[in-house]
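# Understanding the architecture of this molecule
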Amino acid sequence: MIVTSHAVLIKRASSASVLVAVTLLLAKVFAWVISDSASVLSSMLDSLMDIAASLVNFFAVRYALMPADDDHPFGHSKAEGLAALIQSAFILGSAVVLLLHVFDRLLNPQPLTALGESIGVMTFSMFATIGLVLYQRWVFRQTGSLAIKADSAHYYGDILTNVAVIMALIAAYWQQYWFDPVVALAIAGVLFYSVYGIVKEALQVLMDQAMPDEDEAELKALINSCEGVRGFHDLRTRQAGALQFIQFHLELDALQPLKSAHAIGDRVEKRILERFPRAEIIIHHDPV
């Protein structure tokens, strides 16, 4: 039931991301056409990449949530890591295109037009993005989805982008046209930094990185606190998207009946699932 509800939340968040990205792209195309602003162009290109990245998410999370099968006995959760890498490629491409345009505008500053309409569009974009990011972060806290976290990370960058573009348009109103390409250059820097963060987390998933140290410490304390447990060894964990994989050898009294030993193992598994509801757990019972 918990996994099903998480799947619903992840799918809704990915759908919301696509809808918001399309809406903002159309609004920013209008603002760029009427203003010819480099900073608005930078935000528009970012929204275009958002659509591509969100579409990748839209399909990737659905694949990642598919249950395990004969060909993929551990499930499909690593698809989220691959989706995050594809997102980073889109973001990197938009940053490079933006830099080319920015260098031209730095050398040849130009006056901007329709500033009031453009500021209105960017203000709308900012508040729509804030709403999406708040929703995505809530979904991530509930599900632990890497794809949703990656999506939220670059939309958070969009909020800062929108603020910077609004400032550049206001500066243009006072005929400070140099500020427009400078803001666009700063946005390109944010895009490059976001690529680094997304790639780093995606590789952690694809390389089977262990659960965070604080989670493992809590897991060890939880196992040892169960009645009837003599200890444990060979604990192995890994994080894959929204799922955690936990396996270990549980040390139990060798003189107790097999049924009692398995009952203790069942209690340990139940307690772990109460704390880590998305975990796949394998326990080997060792008599000592």
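Structure: see above.
A brief report on the enclosed structure follows. (Residues numbered from 1 in each chain as written. Predicted model: local features only at pLDDT ≥ 70, side-chain atom pairs only at ≥ 80, totals over all residues. Heavy atoms only, no water.)

## Description of the packing of aromatic side chains
Within this structure, the stated rule accounts for three aromatic pairs. Aromatic side chains Tyr135 and Trp138 sit 6.3 Å apart centroid to centroid with 25° between the ring planes, which places their arrangement in the stacked category. Here Tyr135 pairs with Trp138, and both are found in helix 4 (residues 115–143), just three residues apart, close to one helical turn. Judged by centre distance (6.4 Å) and plane angle (40°), the ring pair of Tyr193 and Tyr196 falls under tilted. Of this pair, Tyr193 and Tyr196 both sit in helix 6 (residues 179–206), three residues apart, which is roughly one turn of that helix. Both residues of the pair, Tyr193 and Tyr196, belong to the exposed class. Above the plane of the ring of Phe245 lies Arg238, whose end atom (NZ or CZ) is 4.0 Å from the centre. Stacked on the ring of Phe276, the Lys or Arg Arg275 has its end atom at 4.5 Å from the ring centre. (Phe/Tyr/Trp six-rings, centres within 6.5 Å; stacked < 30°, edge-to-face > 60°. Helix = DSSP H or I, 4+ residues; strand = E, 2+ residues; numbered from the N terminus. Buried < 20%, exposed > 50% of the residue type's maximum accessible area, 1.4 Å probe, protein only. Lys NZ or Arg CZ within 6 Å of the ring centre and 35° of its normal.)

## A word on a nonpolar patch on the surface
Residues Phe103, Leu106, Trp178, Val182 and Leu185 make up a contiguous nonpolar surface patch of about 450 Å² in total accessible area. Mapped by element, the contributors of at least two residues to the nonpolar patch are helix 3 (79–107) and helix 6. Looking at where Val182 falls in the secondary structure, it is placed in helix 6. Judged by relative accessible area, which is 33%, Val182 ranks as partly exposed. (Patch = residues over 30% accessible without salt bridge, like charges linked within 9 Å, V, L, I, M, F, W, Y side chains within 5 Å. Areas by Shrake-Rupley, 256 points an atom, 1.4 Å probe, with all protein chains shown as cover. Salt bridge = Lys/Arg side-chain N within 4 Å of Asp/Glu carboxyl O.)

## Things to note about the side chain of Thr129
Checked against the element boundaries, Thr129 lands in helix 4. Side-chain polar atoms of Thr129 contact the backbone oxygen of Ser125, separated by 2.7 Å. With residues up to four places along the chain from it excluded, the contact list for Thr129 reads Leu24, Tyr155, Asp158, Ile159 and Asn162. (Polar contact = N/O pair within 3.5 Å; in protein donor to acceptor, adjacent residues only side chain to side chain. Contact = heavy atoms within 4.5 Å.)

## Here's the deal with the pattern of salt bridges
Summed over all chains, the structure comprises three salt bridges. One salt bridge connects Arg275 with Asp215, and the closest N-O pair in it is separated by 3.6 Å. Linking Arg275 in helix 8 (residues 258–275) with Asp215 in helix 7 (residues 213–224), this pair joins segments that are 60 residues apart in sequence. Accessibility expressed as a relative area gives 33% for Arg275, which makes it partly exposed. Among the salt bridges present, the one from Arg230 reaches Asp253, with a minimum N-O distance of 3.6 Å. Highlighted residues: Arg230 in the loop between helix 7 and strand 1 (231–240) and Asp253 in the loop between strand 2 (243–252) and helix 8, separated in sequence by 23 residues. Since its relative accessible area comes to 26%, Asp253 is described here as partly exposed.

## As for the nonpolar core
Within the largest apolar cluster, 41 residues are counted, with the highest numbers of intra-cluster contacts made by Leu98, Val165, Leu169, Ile187 and Leu191. The element best represented in this core is helix 5 (residues 146–173), accounting for nine residues. Look past the residues within four positions of Val165 in its chain and what remains in contact with it is Ser39, Val40, Ser42, Ser43, Met122, Val183 and Ile187. Of all hydrophobic cores here, the second largest spans 19 residues; its members include Leu222, Cys226, Val229 and Phe232. (Core = buried A, V, L, I, M, F, W, Y, C linked by side-chain atoms within 4.5 Å.)

## Regarding the packing of helix 7 against helix 8
At their nearest, the axes of helix 7 and helix 8 sit 10 Å apart, and the two run at 150° to each other. Every pair of crossing elements has a handedness; the one defined by helix 7 and helix 8 is right-handed. Of the residues in helix 8, those in contact with Asp215, Glu218, Leu219, Leu222 and Ile223 of helix 7 are Val268, Arg271, Ile272 and Arg275. Here the contact of helix 7 with helix 8 is composed, by residue class, of five nonpolar, no polar and four charged. (Axes fitted to C-alpha atoms, helices over the stretch in contact; angles between N-to-C directions. Left-handed = near helix turned anticlockwise from the far one by under 90°. Nonpolar A, V, L, I, M, F, W, Y, C, P; charged D, E, K, R; others polar.)

## Describing the environment of Gly197
Along the chain, Gly197 turns up in helix 6. Residue class for Gly197 comes out partly exposed when judged on its relative accessible area of 31%. For the pair Gly197 and Ala150, spaced 47 residues apart in sequence, the C-alpha separation works out to 8.6 Å.

## Digging into the pairing of strand 2
Burial analysis of strand 2 places eight of its 10 residues in the buried class, the great majority of the element. As paired strands, strand 2 and strand 3 (residues 279–287) are joined by nine bridges and run parallel to one another. Residue pairing in the sheet places His249 in a bridge with His284 of strand 3. Handedness of the crossover joining strand 2 and strand 3 through helix 8: right-handed. (Pairing = 2+ DSSP bridges. Right-handed = clockwise from strand over helix to strand, strands pointing away.)

## With respect to helix 4
Here helix 4 is 29 residues long and its end C-alpha atoms lie 41 Å apart, about the 42 Å a rise of 1.5 Å per residue gives. Within helix 4 the residues assigned to the buried category are Leu115, Ser118, Val121, Met122, Ser125, Met126, Thr129, Leu132, Val133, Gln136, Val139 and Thr143. (Expected span 1.5 Å × (residues − 1).)

## Looking at unusual backbone geometry
One non-glycine residue with positive phi stands out, namely Asp234, at about 55°. Mapped onto the fold, Asp234 is located in strand 1.

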